[in-house]
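# Architecture at a glance
The primary structure of each chain is shown beneath.
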Amino acid sequence: MSSNLEKTYNHHDVEGRWNSAHWESLGTFDAESSRVIEGDKASYTVLMPPPNVTGSLTLGHVLNHTLQDIFIRYQRMSGREALWLPGTDHAGIATQTVVEKKLRKDGVSRYDLGRKEFLEHVWKWRDEYGGLILKQLRTLGISCDWRRNLFTMDEGASSAVRHAFVSLYRDGLIYRGKRIINWCPVSQTALSDEEVIMKPRKDKLVFVRYALAKRPGEYITIATVRPETILADVAIAVNPEDPRYRDLVGELAVVPIAGRHIPVIADEYVDIDFGTGALKITPAHDPNDFEVAGRHNLPVLSVVGRDGKMIDEFGYAGLDRFEARERITEDLESRGNLVKVEEYEHNVGYSERADVVVEPYLSEQWFVTMKPLAEKALEVVNDGQIRFHPSHWISTYRHWMENIRDWCISRQLWWGHRIPAWYDQEGKIWVAESYEDACHLAGTDKLVQDEDVLDTWFSSWLWPLTTLGWTGKDEDNKDIQAFYPTDTLVTGPDIIFFWVARMIMAGLYFKGDVPFRDVYFTSIIRDMKGRKLSKSLGNSPDPLKVIDAYGTDALRFTIVYIAPLGQDVLFGEEKCEFGRNFATKIWNAARLVFMQREKVFGSSDAFSDLYQGFTPESASLSDAQQWITGRYQEMLGSYHKAFAQFRMNDITRIVYDFFRGDYCDWYLETLKIELDGERDETKNRHAVCLAVYLLEGILKVLHPVMPFITEEIWHHILERDSSESIAHAAMPQAVEGWSDDMPKHFSSVQKIISETRSLRAVFGVPHDMKASLVVSAPEESARRIVTANAHIVTRMTDCSVTIEDGDLPRPPHSASSVVDGNELFMPLEGLISFEKEIARLEKEADNISSYVTRMEKKLSNKGFVDNAPDEVIEGERSKLADAKSNLGKVQASLEVLCN
RNA sequence: GGGUGAUUAGCUCAGUUGGUUAGAGCGCUACCUUGACAUGGUAGAGGUCAGAGGUUCGAAUCCUCUAUCACCCA
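Please read these numbers as outputs of a predicted model, since none were measured by experiment. (Residues numbered from 1 in each chain as written. Chains lettered and ligands numbered in written order. Predicted model: local features only at pLDDT ≥ 70, side-chain atom pairs only at ≥ 80, totals over all residues. Heavy atoms only, no water.)

### Examining the packing of aromatic side chains
Two aromatic rings are characterised by how far apart their centres lie and by the angle between their planes. On inspection of all chains with the given rule, the structure shows 49 aromatic pairs. A centroid spacing of 5.4 Å and a plane angle of 65 degrees characterise the contact between Phe165 and Trp366, whose relative ring orientation is edge-to-face. Separated by 201 residues along the polypeptide, Phe165 in helix 9 (residues 155-170) and Trp366 in strand 14 (residues 359-368) bring together distant segments of the chain. By the burial criterion, Phe165 is buried, and Trp366 matches it. With a centroid separation of 5.0 Å and an interplanar angle of 35 degrees, the aromatic rings of Phe578 and Tyr656 are classed as tilted. Taken together, the residues span a long stretch of sequence, with Phe578 in helix 21 (residues 576-600) and Tyr656 in helix 24 (residues 648-677) at a distance of 78 residues. Overall, the relative accessible area of 25% leaves Phe578 in the partly exposed class. For Tyr656, a relative accessible area of 12% gives the class buried. Among the aromatic residues, those joined into a ring-pair cluster are Phe165, Tyr169, Trp366, Trp407, Phe458, Trp461, Trp470, Tyr509 and Phe510. A cation sits over an aromatic face here: Arg138 above Trp146, 3.9 Å from the ring centre. (Phe/Tyr/Trp six-rings, centres within 6.5 Å; stacked < 30°, edge-to-face > 60°. Helix = DSSP H or I, 4+ residues; strand = E, 2+ residues; numbered from the N terminus. Buried < 20%, exposed > 50% of the residue type's maximum accessible area, 1.4 Å probe, protein only. Lys NZ or Arg CZ within 6 Å of the ring centre and 35° of its normal.)

Following this line, the structure appears as structure tokens:
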């Protein structure tokens, strides 16, 4: 006999036993293209969003990876060749920063070491610490094919990056140009627009007057939040429609401090209502000004350098830009140019990694032309080739795609994929996949490679291809044939532009097909006060500590249960009590079932022989058994439907409700009673088989969410080798029509039990006192059902049960109630103050009669009767009839009591 | 300024195409530890479904406006 479970559930034991190393050594979660190509299995592929190699496990990862694991395990159990592709990304800025910081402690800068030696340090760091996140992910019990783990800097992935760059360049979609880009003065690199976070910031709006060169004593006043860039002004612009300034257009203004003469120009870009309506134009330090300057053929002057310090010729050089701002404001005041200063709150761009204000900076950078890529990528989402869950993200995606700007992909870093572009001695650009190829093209070996590296996302956007072994060079390998396009992508909505959109572009461009079919956007996790989790707030719980305290299964279950599709999640560690309690409940329910199995079956073989061929269809079922089997079928139906609709938290809800509400609270209670009362060995054996059968079904549907505890209990159902896994068991399917055909007798028994318990409680019948219950049922069929289940009613209510036909006069001094047209009486002789019962019945009668009034009004409404569908009207009529009959019975009870 | 979403019990949230006397968990109250489980069981209290209009025989559900909050993009 498979032994019973330990008396108490210990998640450390169970989760230790079925750990990742165990399954990895067995290859349990490895997927093979041969089983798809040569076998007839359908494939199902999930791409892990590569966590940052510098990262450590967060609750966001927990939610995200749990969801991916749920999808992959569900599909694996549903018979598909399920491949989950893991990996990490090299996180250019973050990693380089971490390593530089470490070196700085030893007083060494990357420039001291030189590029080659610095990169050796980074690789060393990565080998030492980069595996942390992967190790932590394994504690989540996730079922990826770890053999295929990929790092974006691996040779295959790097080759793919070079290939992608070269193809895009040759197709004219990559170019190099001098543009205003977002510059991070701390990391000293360019950033893409997406890496800039807009944050509200309080600044001073400074009003400055510029003297007009040809009109002594006259001024034009502008408003700016960046007075330090006045030194780089090349014009003052006004709106051509603005009557205040019309006659000033064409005049020359004198730049304060700098003394330069600049023109007053007219441009529609200027907002008449902002500030004074006159705008200083500083093309080197503002992208919009840059465009204005372009339209008017104005020069471009810079006064802020790479490190955010001034580089002007007017005495501020070397000052930080914010310091210079203060100083210049003071100087403007002393020179009489300062008109006034206003407090001003506006949105300012900060660099994502270093959290400093980005500086618009004019420099030579590499860009990807996005428009042609975006058009196709938008099309496949618009026409449903790729589906978003929840679908409202389509609008955000569309908006971005329709207003897309070119992607700045060069970074002034050392850690990353070096741009495969070389310059010859004339400065001509040669783009090729290798130095040799470039020399060949250029006809010289005197080439110098571009110093910059590519944006990390330039490798991430190839992730659906590189994880399957695409290097850009070969024909499709077997993995690509079998597993591309992938199926489901689970990711946070915060990287919809960074990653999701760009992968779609890359998939279409390089492979001619979408990279995935469904994108599930996860919830964003916040703390109990609704604040974003952040290290600086100290409000992000350490998932490993939560796992230690509550168990992985508990955390996984809880976080999915509380994460509704498309809404933020408020997480507090203590919420995991919910999942932990649920796990304990499962454990204890299984123990009960196994105890009963031990009692009924003598030997392991006897049980296993009967159980292995057992189906509910093959047994003759009691009312309770029919009912629970029907409920099980309904549960399976809604479970699979929820999966098909990506309603992941409903899945946990559906299983939870069935298990607790139906299986434990009702069915297992009746099982105990039936096994106690029944002397028929065959019936008992069938009863146990059904209980185990349903338990096994529950374990299977729960397994994608709680892999550990379900594995453990599954191994106690039959003797199974530790190399076997429930992960490869077949997912149960609902039997068509089962629950429609099954009589629902037990439902009325449940109602009688609940009502009787309620009567006992409301009247305070002492729990240790056996009461008696009289069921007066007018229908013969109802009497039959109650009779058949009388022993269950008795045990579950602590009442002796008498069944009478409907003519029974009310027993004296009885509490009463009505269920499905049957009257329940509970004689309270000598126990209870009757006022209490009278009060209760009066309240009840009030409720019912107000309901009756409403229904009568509704049904006498001509509009309703004429317009509503017949079955609705029928339904309302029968509700009214039921209510009236209940009301009559309650009133009769009242009369009896009052007399 | 443009867009997206939210507002239901003290708290966190369900409520599937309009047709229930609006549900759950946590918390609260009362009672219950002899054999699965107190990380539990049974019963109970608690809601004008943000506000105002509208559509409809009928609105938590559809429409409009308002308020508050959150996020995204300028």
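### Examining the protein's contact with RNA strand B
By nearness alone, 40 residues border RNA strand B, and Asn347, Thr584, Tyr851, Asn861 and Phe864 come closest of all. Counted by atom, the contact set of RNA strand B within 4 Å of the protein is 61% sugar and phosphate. Between RNA strand B and Asn581, the relevant distance is 3.0 Å, taken from a sugar or linking oxygen to a side-chain nitrogen or oxygen of the residue. Within the contact set of RNA strand B, a base oxygen lies 2.7 Å away from a side-chain nitrogen or oxygen of Lys585. Those elements giving two or more residues to the surface near RNA strand B turn out to be helix 13 (393-402), helix 21, helix 24, helix 28 (745-762), helix 31 (834-860), helix 32 (862-867) and helix 33 (870-898). Here the element with the most residues in the surface near RNA strand B is helix 21; it accounts for 10 residues. (Near = heavy atom within 4 Å. Polar contact = N/O pair within 3.5 Å; in protein donor to acceptor, adjacent residues only side chain to side chain.)

### Things to note about the environment of Asn297
Along the chain, the position of Asn297 falls in the loop between helix 10 (287-295) and helix 11 (321-334). We classify Asn297 as exposed; its relative accessible area is 71%. It is 72 Å that separates the C-alpha atoms of Asn297 and Ala729, two residues lying 432 residues apart in sequence.

### What about the nonpolar core?
Counting residues in hydrophobic clusters, the biggest one holds 131 residues, and the most contacted among them are Tyr639, Tyr663, Tyr667 and Ile713. The biggest single contributor to this core is helix 24, with 15 residues. Apart from residues lying up to four places away in sequence, Tyr639 is in contact with Tyr74, Ile651, Ile654, Val655, Val701, Pro704 and Met731. (Core = buried A, V, L, I, M, F, W, Y, C linked by side-chain atoms within 4.5 Å. Contact = heavy atoms within 4.5 Å.)

### Concerning the packing of helix 20 (residues 552-561) against helix 21
In contact at an axis separation of 7 Å, helix 20 and helix 21 are set at 120 degrees when each is read in the N-to-C sense. As far as their axial angle goes, helix 21 and helix 20 are oblique. The handedness of the crossing between helix 20 and helix 21 comes out as right-handed. On helix 21, the residues that touch Ala554, Leu555, Phe557, Thr558 and Tyr561 of helix 20 are Cys576, Phe578, Gly579, Arg580 and Phe582. (Axes fitted to C-alpha atoms, helices over the stretch in contact; angles between N-to-C directions. Parallel < 35°, antiparallel > 145°, perpendicular 65-115°, else oblique. Left-handed = near helix turned anticlockwise from the far one by under 90°.)

### Observations regarding the pairing of strand 9 (residues 235-238)
Alternating positions in strand 9 separate into two faces, Ala235 and Ala237 on one and Ile236 and Val238 on the other, with burial throughout. Two elements, strand 9 and strand 12 (residues 278-281), share 4 bridges in a ladder whose sense is antiparallel. Within the sheet, the bridge partner assigned to Ala237 lies in strand 12 and is Leu279. Bridge count for strand 9 against strand 11 (residues 261-266) is 3 bridges, and the pairing is parallel. Opposite Ala237, over in strand 11, you have Ile265 as the bridge partner. (Pairing = 2+ DSSP bridges.)

### Brief notes about the environment of Asp527
Residue placement: Asp527 occurs in the loop between strand 24 (525-526) and helix 19 (543-550). Residue classification places Asp527 among the buried residues on the basis of a relative accessible area of 7%. Setting aside its immediate chain neighbours within four residues, Asp527 contacts Leu533, Asn539, Leu570 and Phe571.

### Thoughts on the pattern of salt bridges
Applying the stated criterion across every chain yields a total of 52 salt bridges. A salt bridge links Glu32 to Arg147; the shortest N-O distance between them is 3.1 Å. Of this pair, Glu32 sits in the loop between helix 2 (20-26) and helix 3 (34-37) while Arg147 sits in the loop between helix 8 (132-138) and strand 4 (150-151), placing them 115 residues apart in sequence. Overall, the relative accessible area of 48% leaves Arg147 in the partly exposed class. Residue Asp355 pairs with Lys199 through a salt bridge whose shortest N-O separation is 2.7 Å. Separated by 156 residues along the polypeptide, Asp355 in the loop between strand 13 (338-351) and strand 14 and Lys199 in strand 7 (residues 196-212) bring together distant segments of the chain. A residue is classified by how much of its surface remains accessible, and Asp355, at 43% relative accessible area, is partly exposed. Salt bridges here are not isolated pairs; linked through shared partners, they connect Arg201, Asp203, Arg226, Glu228, Arg321, Arg325 and Glu359. (Salt bridge = Lys/Arg side-chain N within 4 Å of Asp/Glu carboxyl O.)

### Digging into helix 30 (residues 790-797)
For helix 30, the full list of buried residues reads Ala790, Ile792, Val793, Met796 and Thr797. Buried residues in helix 30, looked at end-on, bunch into an arc of 160 degrees, giving them a common side. Where helix 30 is buried, its residues touch helix 24, helix 28, strand 26 (771-777), helix 29 (780-788) and strand 27 (799-805). Just downstream of helix 30 lies Asp798, where phi reads positive at about 60 degrees. (Arc of directions from axis to C-beta.)

### Thoughts on unusual backbone geometry
Cis geometry is found at the peptide bond from His389 to Pro390, where omega equals -5 degrees. The residue Pro390 is located in the loop between strand 15 (387-389) and helix 13 in this model. Cis geometry is found at the peptide bond from Tyr484 to Pro485, where omega equals -5 degrees. Turning to its location among the elements, Pro485 is positioned in the loop between helix 17 (478-483) and strand 22 (488-491).

### Re a negative patch on the surface
Taken together, the side chains of Glu323, Glu326, Glu330 and Glu333 make up a negatively charged region of the molecular surface. Along the polypeptide, Glu323 turns up in helix 11. (Patch = residues over 30% accessible without salt bridge, like charges linked within 9 Å, V, L, I, M, F, W, Y side chains within 5 Å. Areas by Shrake-Rupley, 256 points an atom, 1.4 Å probe, with all protein chains shown as cover. Lys, Arg positive; Asp, Glu negative; His and termini not counted. Charge placed at Lys NZ, Arg CZ, Asp CG, Glu CD.)

### A short note on helix 23 (residues 623-644)
For helix 23, which comprises 22 residues, the first-to-last C-alpha distance of 32 Å matches the rise-based estimate of 32 Å (1.5 Å per residue) to within 8%. Most of helix 23 sits out of view: 16 of its 22 residues are buried. Looking one or two places after helix 23, you find Phe646, whose phi comes out positive at around 60 degrees. (Expected span 1.5 Å × (residues − 1).)

### Focus on the side chain of Asp30
Assignment of secondary structure puts Asp30 in the loop between helix 2 and helix 3. Ignoring any residue separated from it by four or fewer positions in sequence, one finds Asp30 in contact with Arg35, Glu81, Asp145 and Arg147.

### Considerations on the sheet that holds strand 6 (residues 189-191)
Taken together, the 4 strands give an open sheet; going across it, the order is 6-5-14-16, and neighbouring strands pair in antiparallel fashion. On the outer flanks of this sheet lie strand 6 and strand 16 (407-408), each paired with one strand and no other. Pairing of strand 14 with strand 16, which is carried by 2 bridges, proceeds in the antiparallel orientation. Residue pairing across strands places Phe367 opposite Cys408, the latter belonging to strand 16.

### Here we look at the sheet that holds strand 20 (residues 448-449)
Strands sit in the order 19-18-20 across an open sheet of 3 strands; the sheet is antiparallel. Edge strands, defined here as strands with exactly one partner in the open sheet, are strand 19 (429-431) and strand 20. Both strand 18 (residues 421-423) and strand 19 contribute to a ladder of 3 bridges, which runs antiparallel. Paired with Trp422 across the bridge in strand 19 is Trp430. Here helix 14 (residues 435-442) sits on the sheet in contact with strand 18 and strand 19, set at roughly 130 degrees to strand 19.

### Here we look at the pairing of strand 29 (residues 822-827)
Counted residue by residue, strand 29 has 5 buried out of 6 residues, so it is predominantly covered. Relative to strand 29, strand 28 (residues 814-819) is paired through 6 bridges, and the arrangement is antiparallel. The partner of Ser816 across the bridge, within strand 29, is Phe825. Counting the residues that bridge the hairpin from strand 28 to strand 29 gives 2 residues, and of these Asp820 lies at a positive phi of roughly 50 degrees.

Geometric descriptors of this kind do not, in isolation, establish any biological role.
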